[in-house]
Amino acid sequence: AVALIASASIVTLSVPASAADNNPYGLIEPGHMRVASLGDAKPYTFTDAAGNFTGFDIEFFTNVAHRLGVKQVDFIGQDFSGILPAVANGQYDAGVAAIGITPERAKTVDFTTGYLAGYLSVLTRSDTGIKGVETLAKRRMGVVQGTLQESYAAKHFLQTDLVRFPDNNAAISSLNNGTLDAVFLDYEAAKSYADRFKLVHAADIPSFDAPAGIAIAKQKPQLKAALDKAIKEAMQDGTWKRLYEKWFPGSPMPKQYLPAAQ
Ligand SMILES: NC(=O)CC[C@H](NC[C@@]1(O)OC[C@@H](O)[C@@H](O)[C@@H]1O)C(=O)O
């Protein structure tokens, strides 16, 4: 038999050096970042009265992006459950919204090093009699789809009716109109909604094993390395501490993000 020797001609598409140079982080648009975030997770990420995104995560990320030389950072509101898939498919350069780093989520996206560790909190009304997690049985509790609160509640609050919502606002309005007995969300957001609507803090569950990180698409090692470096710099020069005190006044401060003793 005649052996057909296939001559594989290897075509190397050489990307012009300039293209690689002016977009080392593989951004959708060089020098510009499109970031998926939330409008209703005050004080982490939210839109103010003028419709501008602000909050701890927003200001911290913007500071970090500027350290990468990225001048223009645009935040776009998304339902939480849509953020990671949209970051993974390149619709956004990053996802920033107090997104806890977990092995499950790291199958879809890559995360930077963590920048915020805190609690998951149960929020209720003063008339429900809910005092702690033991009093959640047979009650209706709202969670935002795709959050750690959803997976934690599904695993641990087996006697509780879980109702899934696209965002915090929808869940909180159901709590306020009485169709829910509680909502399970992040500690600082719970505090903000409690102040605004005279709601009551019922329980805090530590989530230190899943600190919030910046979500980026996989296969972007230069972007990840640059973001990690900038995050560490922002912690070391006291930026992180200043922003934490600005947005979470009076809250216990995790030690691991403070300037290391020189
Ligand atoms: N913005 C949201 O609704 C995110 C909800 C939820 N945040 C959990 C968390 O990242 O919030 C910030 C810190 O307290 C972390 O320790 C915590 O895991 C999550 O990642 O699912």
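Up top you'll find the structure we're talking about.
These numbers were taken from a predicted model, which means no experiment stands behind them.

*Asks:* Would you take a moment to explain helix 6 (residues 187-197) for this structure?
*Replies:* In an α-helix, one turn spans 3.6 residues; hence positions three or four apart end up facing the same way. Listed as buried for helix 6 are Tyr187, Glu188, Ala189, Ala190, Ser192, Tyr193 and Ala194. On its buried face, helix 6 is in contact with strand 2 (40-41), strand 8 (119-124), helix 5 (168-176), strand 11 (182-186) and strand 12 (200-206). The first or second residue beyond helix 6 is Lys198, which carries a positive phi of 50°.

*Asks:* How should the sheet that holds strand 10 (residues 161-165) be read in this particular structure?
*Replies:* For sheets, the rule is that strands pair by backbone hydrogen bonds, running either parallel or antiparallel. In space, the five strands of this open sheet follow the order 10-9-11-8-12, with mixed pairing throughout. Each edge of the sheet is formed by a strand with only one pairing partner; in this case those strands are strand 10 and strand 12. Geometrically, the sheet is characterised by an average inter-axis angle of 25° between neighbouring strands, direction not taken into account.

*Asks:* In this structure, what is going on with the sheet that holds strand 3 (residues 45-47)? I would like to understand it.
*Replies:* Here we have three strands laid out as an open sheet, ordered 2-3-4, and antiparallel in their pairing. Sheet topology places strand 2 and strand 4 (53-54) at the edges, where each strand pairs with a single neighbour. Bridge count for strand 3 against strand 4 is two bridges, and the pairing is antiparallel. By the bridge assignment, Phe46 is partnered in strand 4 with Thr54.

*Asks:* Please clarify how the environment of Ala97 should be interpreted in this entry.
*Replies:* Position of Ala97 among the secondary structure elements: in the loop between strand 6 (94-95) and strand 7 (110-111). The contacts of Ala97, once residues within four sequence positions are left out, are Ser37, Leu38, Thr45, Asp57, Phe80, Ile83 and Tyr115.

*Asks:* Can you walk me through the site of the ligand in this structure?
*Replies:* Taken together, 19 residues surround the ligand, and among them Gly100, Arg105, Leu148, Ser207 and Ala210 come closest. Within the backbone of Ala98, a nitrogen or oxygen atom sits 2.9 Å from an oxygen atom of the ligand. Within the backbone of Gly100, a nitrogen or oxygen atom sits 2.8 Å from an oxygen atom of the ligand. Alone, the ligand offers 480 Å² of accessible surface; in the complex the protein occludes 97% of this. Looking at the shell around the ligand, the elements with two or more residues in it are strand 8 and helix 4 (148-156).

*Asks:* So what exactly am I meant to see when it comes to the packing of helix 2 (residues 56-67) against helix 7 (residues 221-236) here?
*Replies:* Relative placement of two packed helices is described by the angle separating their axes and the distance separating the axes. Interaxial distance between helix 2 and helix 7 falls to 9 Å at its minimum, and their mutual angle equals 115°. Of the two elements, helix 2 crosses helix 7, and the hand of that crossing is right-handed. Across the interface between the two elements, Phe60, Phe61, Asn63, Val64 and Arg67 from helix 2 touch Leu227, Ala230, Ile231, Glu233, Ala234 and Met235 from helix 7. In terms of residue class, the contact of helix 2 with helix 7 is made up of eight nonpolar, one polar and two charged.

Rules behind the numbers
Residues numbered from 1 in each chain as written. Predicted model: local features only at pLDDT ≥ 70, side-chain atom pairs only at ≥ 80, totals over all residues. Heavy atoms only, no water. Buried < 20%, exposed > 50% of the residue type's maximum accessible area, 1.4 Å probe, protein only. Helix = DSSP H or I, 4+ residues; strand = E, 2+ residues; numbered from the N terminus. Contact = heavy atoms within 4.5 Å. Pairing = 2+ DSSP bridges. Axes fitted to C-alpha atoms, helices over the stretch in contact; angles between N-to-C directions. Near = heavy atom within 4 Å. Polar contact = N/O pair within 3.5 Å; in protein donor to acceptor, adjacent residues only side chain to side chain. Areas by Shrake-Rupley, 256 points an atom, 1.4 Å probe, with all protein chains shown as cover. Left-handed = near helix turned anticlockwise from the far one by under 90°. Nonpolar A, V, L, I, M, F, W, Y, C, P; charged D, E, K, R; others polar.

Purely spatial values, then, with no claim about function.
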